[in-house]
Amino acid sequence: MLSVLSQAARIALICVLFHLTVSLIAQEIQHPPYGTDMTLQERSRGILGSPFLFDDFKKGILIDNKGQEYQNIELNYDALNHVMLSKKSEEVVMELNRYFYVKAVIDGEEYRNISPLGLPGYAMVIYDGEKIKCFERMESSQRPIKQKALSQETASTQIINTHKYLLWHNDEITEVKKRGKDFYHIFTKTRVKNYIKEKSIKLKDDADFARFLAHFESTL
């Protein structure tokens, strides 16, 4: 009787260990499930320059709209098409479903899907309050290349990249230049100038800028 129980216990233990092993392997090789595959060559055909936020793909965390996290995903952002990309191989990337993935964390910075705020794509979070939010957003545009200026025979357009700061307030999103006068209409000129002078705030510095926004949000 004991030998039968021991054998049953051994079988049960083996089954548990097997399922744990399979589960760990599944987590290790997990990939985002929703998106469209495309080769890097297809994305760059006929274009001079790059609309990617990073020179190389970087490992990060992807969060979907149900709160599930996908760890160690190689990510990059395409600012021309306003989509987050996941690298599946040296040649193939997945264009992630913009309606399913709400956040990405790369190099410790959070990139938020700002489509619900009125603009397509993702932007880095500078300040995230209840009444005020601020993001840094990379934007890419295409400019035709004149024939005499062609550096590559296959290129017909050139990528131009810019970075903009976007302020969300009263359900509207507007561009700001990180200057005191950009906030006079919200907080009044006198209060903004006095606070910047009193606290020696440098709005060009992201940490000071976030402190500035946090202070004035507390007064709304």
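Residues numbered from 1 in each chain as written. Predicted model: local features only at pLDDT ≥ 70, side-chain atom pairs only at ≥ 80, totals over all residues. Heavy atoms only, no water.

## Some thoughts on the side chain of Glu-217
For clarity, the cut-off: We count a stretch as a helix when DSSP gives it H or I for four or more residues in a row; a strand needs E for two or more, and each element gets its number in order from the N terminus. Only protein chains enter the accessibility calculation, which uses a 1.4 Å probe; a residue is then buried when its area is under 20% of its type maximum, exposed when over 50%, and partly exposed in between. Neither His nor the chain termini are counted; the positive set is Lys and Arg, and the negative set is Asp and Glu. In what follows, salt bridge is the name for a side-chain nitrogen of Lys or Arg lying within 4 Å of a carboxyl oxygen of Asp or Glu. For this analysis, a polar contact is any N or O atom pair within 3.5 Å, provided that within protein one partner can donate a hydrogen and the other can accept it, and provided that sequence-adjacent residues contribute only side-chain to side-chain pairs. By definition, residues are in contact when any of their heavy atoms lie within 4.5 Å.
Relative to the assigned elements, Glu-217 resides in helix H5 (residues 206-217). Buried and unpaired, Glu-217 has Lys-131 as its nearest opposite-charge partner, separated by 6.9 Å. Looking at Glu-217, its side chain comes within polar contact range of the side chain of Tyr-127, at 2.4 Å. Residue contacts for Glu-217: discarding those within four places in its chain leaves Tyr-127, Gly-129, Glu-130, Lys-131 and Ile-132.

## Considerations on unusual backbone geometry
The phi dihedral of Asn-72 falls on the positive side, at around 55°, and the residue is not glycine. Its place among the elements puts Asn-72 in strand S4 (residues 69-78). The backbone phi angle of His-82 is positive, close to 60°, even though this residue is not glycine. Secondary-structure assignment places His-82 in the loop between S4 and strand S5 (83-87). Given a relative accessible area of 22%, His-82 falls into the partly exposed group.

## Considering the pattern of salt bridges
Summed over all chains, the structure comprises 13 salt bridges. With a closest N to O distance of 2.7 Å, Arg-112 and Glu-110 form a salt bridge. Salt bridges sharing partners connect three or more residues here, namely Glu-110, Arg-112, Asp-128 and Lys-133.

## A short note on the side chain of Lys-133
Mapped onto the fold, Lys-133 is located in strand S10 (residues 132-144). A distance of 2.7 Å separates the side chain of Lys-133 from the side chain of Asp-128, its partner in a polar contact. Side-chain polar atoms of Lys-133 contact the backbone oxygen of Gly-129, separated by 2.8 Å. Discounting residues that sit within four places of it in the chain, Lys-133 has contacts with Tyr-127, Asp-128, Leu-166, Leu-167 and Trp-168.

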